[in-house]
Amino acid sequence: MQVLSHVRNVCGIADIIAELERPTKECLIQRTAGGDAVGFVHDMIQHAVDIGINPEARTSMLKEISKTLLVRTSEDRADAVSFILVDLINRVGPSGALSPVDRICYANLNLVAGEKAMQTPDYGSANTYLESGISFLEKGHWRDNYNLSLHLFKKSAFVQHAQGETELMMARINEVLNNARNFNDKLDSLNVLIQSLSLDANSVSSAFNQSLMVLEQLGESFPSTAENEFIGRELIDVKNRLEKYVPSSISKIPPMKNENKIKAINFLLMMTIQCYQQKSRFFPLVAARIVSITLQYGMHEKSAFGFCSFALSYATVFKDMSKGYKLGKYALAITTSKNIPEVYLMLYGGVNIWKEPVQAILPELTHAYKIGMEAGNISFSLLNSTVYVYRAFFSGSKLSSLSKEVPSFLRLYSLYKRHTLHMCVTPINNAIISLVGRNRPLVWENKYGTKDDDEILAKALEIKELNVGETVVVCKMMYNFIFRKLDEAETVAQQYLEFFERHDSALLNFINIYRLFYGGLIALGRFRKNGGQFWMDIGERSISQFEAWNTECEWNFQNKLLLLQAELHFTKNEVTEAEHTYNLAISSSRDHRFVHEQGLSCELAGIFYRVTNRKEHSMSLIRQAAECYTSWGAHEKANALLLSLE
């Protein structure tokens, strides 16, 4: 009704609101419940009205209404009116706007509407407005209307990237790169290009090289190789500078004003993701650079992410989890709601997992996912969802909940064409299906067409996405070991454990925990059966690593260490020590709320008691194991255990 009040005396109608009375009485149109809008009673009525108007007359009418609305609302136009105005203009379309002045005006209005839709964020509407704006541009627009063209095309590139429309995104980026008048005007589009390349495992190296090129132009160069001595010096220097601040004074650092450094920070953020994926040796250098720039030039909204990355780097390089954890708290002191998705991804997903109960971390990751989706930060939101799935599954979250959540995330990865994330999570989904024991549901495909674990593993190794490959190997070891398919478990372990140990990332990685845990259990069981120093070495290395991790966080690691130690005692025929340690492993798993690992501890203890001829105690523990697996939601496994007792 507000819009109608602005278009009186249009198209020969003196009072358009009064003219609405008759169709209202005839039940052709109706007012909304609030009385502030009017619409057709049915879509078919609107369609009949549309086709009943001559196309030329309709275009003429729309042009007159939109021009009148444009003039009469020029000084103080509400957003709702702006969107209606632009929708009217776009119904006129480029073919109905013959005047060059009108076309430029309409393109500008679409740009403004697109930017407002992006802020909501509503990328679908933003895409419609920006593409409509581009359609109004005439030949020679880069020469005659450079700023308008630049903003339409670079905004469109961002929106296409957010929606996963890579082909159209590249077309818009190429328009900018081919027509931009200077390097600065290319930066936004280069940022989108690098973000897109970073999401494709095949293109991470290209994204990394593009980032190096841009940063060189912005005055931030990096060495061609990352040597240990150089990395250590950089980290120590930045740590010493950073520790002159206490968390309470970090927030008092003045805002960054140097334009080149502001731009550099944005590219460094994306570079950390590339390094985490495939260039891990450079990760500490990139993280240290973000912190160094912040301390020298002032605080940037992305500085908190740099502080988290630096904390993870320090913990990894110097094996000092406590110091890394302390440095991570600096990030929380400067975190705002706007940068929660980035900060929580690195802090809770990467740093705090080594110091805090994993169950306490899960709500923070889901919070970051939701905040990111609401803010339109699709990439980091979906990264948080992937990190959440890993930690929730391996920490023993209820499979009944995960069996609903994980497919919904897979659907989003397909929708937004995040193919690498899809590959990361599909093995988890497959494991959940096997444990729960139900038919395989609809799976949303990725561009590689991979659903089966073996297919995903082959593709991951082909494209050098080792984190994905390691996830598949861990899931296969876990599944086969839990279901006592020991020949298959040993085959996977023998084929891949040494490979992934040799290719370990230069960063602490969550999935390493379970590679060492299940790899160690498989190795000790195999040694007990057939001997072989190869297997004993794997088991002892696993125990050694868990001993180190346990000093940092007993909650997350004690029960796993105790179970590995119990299996080692069993292997060495140290019966009294094994019995005592199995009991400790069961108690620790229960006390620390790892119900699935409590079930595993009960089952392995049950096997131990059966072998040592204490059948009744063995059967009691197997029943306890079945109860734990049932509580977890692994009904297929629980049923198999109960059948074994019959």
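Since we're looking at a predicted model, the values are computed, not measured.

**Concerning the packing of aromatic side chains**
Tallied over the full model, the rule gives 33 aromatic pairs. On the basis of an interplanar angle of 85° and a centroid distance of 5.2 Å, the ring pair of phenylalanine 546 and tryptophan 549 is categorised as edge-to-face. With phenylalanine 546 and tryptophan 549 both in helix H29 (residues 533-552), this residue pair falls 3 residues apart, about one helical turn. A single burial state applies to phenylalanine 546 and to tryptophan 549, both of which are buried. The structure contains a cluster of three or more aromatic residues connected by ring pairs, namely Trp354, Phe517, Tyr518, Phe546, Trp549 and Phe557. Above the plane of the ring of phenylalanine 481 lies arginine 484, whose end atom (NZ or CZ) is 4.9 Å from the centre.

**Overview of the pattern of salt bridges**
A pair can form between side chains of opposite charge whenever their charged atoms are brought close. What the rule picks out here adds up to 26 salt bridges. A salt bridge links lysine 529 to glutamate 490; the nearest nitrogen and oxygen atoms lie 3.2 Å apart. Note that lysine 529 is positioned in helix H28 (residues 510-530) and glutamate 490 in helix H27 (residues 486-502), a separation of 39 residues in sequence. Exposure remark for lysine 529: the relative accessible area of 45% places this residue in the partly exposed category. According to the relative accessible area criterion, glutamate 490 is buried, its value standing at 6%. Ionic pairing is found between glutamate 579 and arginine 614, a salt bridge with its closest N-O pair at 3.0 Å. Remark: arginine 614 occurs in the loop between helix H32 (595-611) and helix H33 (615-632) and glutamate 579 occurs in helix H31 (residues 575-591); sequence separation between them is 35 residues. A relative accessible area of 28% means that glutamate 579 is categorised as partly exposed. The exposure class assigned to arginine 614 is partly exposed, which follows from its relative accessible area of 28%.

**Structural notes on the side chain of threonine 420**
Within the secondary structure layout, threonine 420 lies in helix H24 (residues 419-436). A polar atom in the side chain of threonine 420 sits 3.0 Å from the backbone oxygen of leucine 199. Leave out the neighbours within four places in its chain, and threonine 420 touches Leu199, Asp200, Ala201, Glu465 and Val468.

**Details of the packing of H28 against helix H30 (residues 554-571)**
Packing of H28 against H30 brings their axes to within 9 Å, and their N-to-C directions diverge by 15°. For the element pair H28 / H30, the angle class is roughly parallel. H28 and H30 meet at a crossing whose hand is left-handed. Contact with H28, carried on its side by Ile513, Tyr514, Phe517, Gly520, Leu521, Leu524, Phe527 and Arg528, involves Phe557, Lys560, Leu563, Leu564, Glu567, Leu568, Phe570 and Thr571 of H30 and no other residues of that element. For the contact of H28 with H30, the per-class residue count stands at 11 nonpolar, 2 polar and 3 charged.

**Considerations on the nonpolar core**
Nonpolar side chains tend to gather and get buried jointly when the protein is soluble and globular. Grouped together as the largest cluster of nonpolar side chains are 202 residues, with contacts concentrated most on Phe393, Phe394 and Tyr518. When neighbours within four sequence positions are excluded, phenylalanine 394 is seen to be in contact with Ile428, Val474, Cys475, Met478, Phe510, Ile511, Tyr514, His596 and Glu597.

**Description of unusual backbone geometry**
Note the cis peptide between threonine 120 and proline 121, where omega equals -10°. Mapped onto the secondary structure, proline 121 falls in the loop between helix H7 (100-119) and helix H8 (123-135). In this model, arginine 484 sits at a positive phi of 60°, which is unusual for a non-glycine residue. You can call arginine 484 partly exposed: its relative accessible area is 29%. Although it is not a glycine, asparagine 613 sits at a positive phi angle of roughly 65°. Tracing the sequence through the fold places asparagine 613 in the loop between H32 and H33. With relative accessibility at 70%, the residue asparagine 613 sits in the exposed group.

**With respect to the packing of helix H14 (residues 228-242) against helix H18 (residues 303-317)**
As a packed pair, H14 and H18 sit with axes 11 Å apart at the nearest point and diverge in direction by 125°. Overall, the two elements H14 and H18 adopt an arrangement that is oblique. By crossing handedness, the relation of H14 to H18 is classed as left-handed. Residues Ile231, Leu235, Val238, Lys239 and Leu242 of H14 pack against Phe307, Phe310, Ser313, Tyr314 and Val317 of H18. When grouped by side-chain class, the residues that make up the contact of H14 with H18 number 8 nonpolar, 1 polar and 1 charged.

**Brief notes about the environment of glycine 232**
Here glycine 232 lies in helix H14. Glycine 232 gets classed as buried once you look at its relative accessible area, which sits at 13%. Remark: the alpha-carbon pair of glycine 232 and valine 317, spanning 85 residues in sequence, is separated by 7.5 Å.

**Side note on the state of the cysteines**
Going through the model one piece at a time under the given rule, you end up with 0 disulfides. Counting only cysteine sulfurs, cysteine 628 is the nearest neighbor of cysteine 602, a cysteine outside any disulfide, at a range of 4.9 Å. Its relative accessible area of 0% is what places cysteine 602 among the buried residues.

**Remarks on H28**
With 21 residues, H28 ought to run about 30 Å at 1.5 Å a step, and its terminal C-alpha atoms sit 31 Å apart, in line with that. Where burial is concerned, most of H28 is hidden: 16 out of the 21 residues are buried.

**Digging into a nonpolar patch on the surface**
Residues Ile236, Val317 and Phe318 make up a contiguous nonpolar surface patch of about 210 Å² in total accessible area. By the secondary structure assignment, phenylalanine 318 is in the loop between H18 and helix H19 (321-333). Phenylalanine 318 sits in the partly exposed class, given a relative accessible area of 31%.

**Points about helix H21 (residues 358-375)**
With 18 residues, H21 ought to run about 26 Å at 1.5 Å a step, and its terminal C-alpha atoms sit 26 Å apart, in line with that. Within H21, burial applies to Val358, Gln359, Ile361, Leu362, Leu365, Thr366, Ala368, Tyr369 and Gly372. Along the axis of H21, the buried positions cluster into a sector of 160°, meaning they face one direction only. Exposed and oriented more than 90 degrees from the buried face of H21 are Lys370, Glu374 and Ala375. Buried residues along H21 sit in contact with helix H20 (340-351), helix H22 (378-394), helix H23 (399-415) and H30. Downstream of H21 by one or two residues, glycine 376 has phi in the positive range, about 80°.

About the thresholds
- Residues numbered from 1 in each chain as written.
- Predicted model: local features only at pLDDT ≥ 70, side-chain atom pairs only at ≥ 80, totals over all residues.
- Heavy atoms only, no water.
- Phe/Tyr/Trp six-rings, centres within 6.5 Å; stacked < 30°, edge-to-face > 60°.
- Helix = DSSP H or I, 4+ residues; strand = E, 2+ residues; numbered from the N terminus.
- Buried < 20%, exposed > 50% of the residue type's maximum accessible area, 1.4 Å probe, protein only.
- Lys NZ or Arg CZ within 6 Å of the ring centre and 35° of its normal.
- Salt bridge = Lys/Arg side-chain N within 4 Å of Asp/Glu carboxyl O.
- Polar contact = N/O pair within 3.5 Å; in protein donor to acceptor, adjacent residues only side chain to side chain.
- Contact = heavy atoms within 4.5 Å.
- Axes fitted to C-alpha atoms, helices over the stretch in contact; angles between N-to-C directions.
- Parallel < 35°, antiparallel > 145°, perpendicular 65-115°, else oblique.
- Left-handed = near helix turned anticlockwise from the far one by under 90°.
- Nonpolar A, V, L, I, M, F, W, Y, C, P; charged D, E, K, R; others polar.
- Core = buried A, V, L, I, M, F, W, Y, C linked by side-chain atoms within 4.5 Å.
- Disulfide = S-S within 2.5 Å.
- Expected span 1.5 Å × (residues − 1).
- Patch = residues over 30% accessible without salt bridge, like charges linked within 9 Å, V, L, I, M, F, W, Y side chains within 5 Å.
- Areas by Shrake-Rupley, 256 points an atom, 1.4 Å probe, with all protein chains shown as cover.
- Arc of directions from axis to C-beta.

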